Amino acid sequence: GIQVEQSPPDLILQEGANSTLRCNFSDSVNNLQWFHQNPWGQLINLFYIPSGTKQNGRLSATTVATERYSLLYISSSQTTDSGVYFCAVEGSGGYQKVTFGTGTKLQVIP
Amino acid sequence: ETGVTQTPRHLVMGMTNKKSLKCEQHLGHNAMYWYKQSAKKPLELMFVYNFKEQTENNSVPSRFSPECPNSSHLFLHLHTLQPEDSALYLCASSQGGASPQFFGPGTRLTVL
């Protein structure tokens, strides 16, 4: 099956700093989502981005499907950004069979 | 609030117990999913339902038994679980096809 790798696995930022999270995948995809999991376990949709670039406030994401990676940018980080960020892909082999990456654990300190 | 609710939020059960997890989506979606999230492991897809029909079973042991009576409700029936089944169980829904999935808050299960 498709392999999904995220980097870095852990990240500590000072409040106000910017960061880039990366997601590499091993095969072509129909679908790619970025999620933020808060400390209580809730997964929040950030972006649905199989290709191209999207922005939502301080967050933006870019997926280059031909090169099999996606980037999540966080600017002017806040303590509420802390949590785990997951990339999830749906391989072209079949819809709805989603594979999650191992996540990037982000801690933003004041 | 994502439009997907799960109950209970926490559950402690013995290995001989039978319990059920419930998921409900209020988004008008056609597809529903169960995922398992264990410590130190990525989320694992367990089951997929489309229009109440199971379309994916990701080699899940038979002690986990899903039920989807309609497109808005999904259950996971649990019996004779093992301590290693302790995890966060997450439900999701989507419109189907290549579309975004929306997750519930999860049920944190502990098997003693």
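Source: prediction; values computed, not measured.

Rules used throughout
Residues numbered from 1 in each chain as written. Chains lettered and ligands numbered in written order. Predicted model: local features only at pLDDT ≥ 70, side-chain atom pairs only at ≥ 80, totals over all residues. Heavy atoms only, no water. Helix = DSSP H or I, 4+ residues; strand = E, 2+ residues; numbered from the N terminus. Rg over C-alpha atoms; globule rule 2.2 N^0.38 Å. Disulfide = S-S within 2.5 Å. Contact = heavy atoms within 4.5 Å. Buried area = accessible area lost by both parts, 1.4 Å probe. Salt bridge = Lys/Arg side-chain N within 4 Å of Asp/Glu carboxyl O. Polar contact = N/O pair within 3.5 Å; in protein donor to acceptor, adjacent residues only side chain to side chain. Nonpolar A, V, L, I, M, F, W, Y, C, P; charged D, E, K, R; others polar. Pairing = 2+ DSSP bridges. Axes fitted to C-alpha atoms, helices over the stretch in contact; angles between N-to-C directions. Buried < 20%, exposed > 50% of the residue type's maximum accessible area, 1.4 Å probe, protein only.

(A) Structural detail: the overall build of chain A. Along the backbone of chain A there are zero helices and eleven strands. When the helices and strands of chain A are read in sequence order from the N terminus, they spell out β-β-β-β-β-β-β-β-β-β-β. For 110 residues, the compact-globule estimate of 2.2 N^0.38 gives 13 Å, and chain A sits close to it at 13 Å. Principal axes of the C-alpha set define a box for chain A whose edges measure 45 × 25 × 20 Å.

(B) Spotlight on the state of the cysteines. All names here are of chain A. Applying the stated criterion to the full structure yields two disulfides over all chains. Each disulfide pairs two cysteine sulfurs, and for C23 the partner residue is C87, the sulfurs being separated by 2.0 Å. Here the disulfide of C23 and C87 is left-handed, its torsion about the S-S bond being about -55°. Linking C23 in strand β3 (residues 19-25) with C87 in strand β9 (residues 83-91), this pair joins segments that are 64 residues apart in sequence.

(C) Highlighting the interface of chain A and chain B. On the chain B side, the residues contacting the 20 residues of chain A number 26 residues. The contact between chain A and chain B buries some 1,700 Å² in all, and 54% of this surface belongs to carbon and sulfur atoms. If you look at where chain A meets chain B, you find one salt bridge. Of the charged contacts, one joins K97 of chain A and E56 of chain B as a salt bridge, the two residues approaching to 3.3 Å between their closest N and O atoms. Summed over the shared surface of chain A and chain B, the result is seven residue pairs in polar contact (both at pLDDT 80 or more). Broken down by secondary-structure element, the contributors of at least two residues to the side of chain A that touches chain B are β4 (29-37), β5 (43-48), β9 and β10 (98-100) of chain A. Per element, the largest residue contribution to the side of chain A that touches chain B is five residues, and it comes from β4 of chain A. A class-by-class count of the residues in the side of chain A that touches chain B yields eight nonpolar, ten polar and two charged.

(D) Examining the sheet that holds strand β3 (residues 18-25) of chain B more closely. Residues and elements named next belong to chain B. Here we have four strands laid out as an open sheet, ordered β1-β3-β8-β7, and antiparallel in their pairing. Looking along the sheet, the strands with just one partner apiece sit at the ends: β1 (4-7) and β7 (64-70). Taking each pair of neighbouring strands and ignoring which way they run, the sheet shows an average axis angle of 20°.

(E) Main features of the side chain of N50 of chain B. As for its placement among the helices and strands, N50 of chain B is situated in strand β5 (residues 44-50). Judged by relative accessible area, which is 15%, N50 of chain B ranks as buried. Only 2.9 Å separates the side chain of N50 of chain B from the side chain of T55 of chain B, close enough to count as a polar contact. Not counting residues within four places of it along the chain, the set of residues in contact with N50 of chain B comprises Q96 of chain A together with N30, A31, T55 and G96 of chain B.

(F) Broad picture of the side chain of S38 of chain B. Tracing the chain through its elements places S38 of chain B in the loop between β4 (31-37) and β5. S38 of chain B has contacts with E44 and A87 of chain B, leaving out every residue within four places of it along the chain.

(G) Quick look at the sheet that holds strand β8 (residues 69-74) of chain A. All names here are of chain A. The five strands lie next to each other as β1-β3-β8-β7-β6, forming an open sheet whose pairing is antiparallel. Of all strands in the sheet, those with a lone pairing partner are β1 (4-7) and β6 (52-56), marking the two edges. Each neighbouring strand pair of the sheet contributes to a mean axis angle of 15°, computed without reference to strand direction. Bridge count between β3 and β8: six bridges; the pairing is antiparallel. Looking across to β8, one finds that S19 is bridged to I74.

(H) Quick peek at the pattern of salt bridges. Residues and elements named next belong to chain A. A full pass over the atoms with the stated rule returns five salt bridges over all chains. D27 is the salt-bridge partner of R68, the closest N and O atoms lying 3.9 Å from each other. Residue R68 is located in the loop between β7 (59-64) and β8, and its partner D27 is located in the loop between β3 and β4; the two are separated by 41 residues in the primary sequence. Given a relative accessible area of 37%, D27 falls into the partly exposed group.

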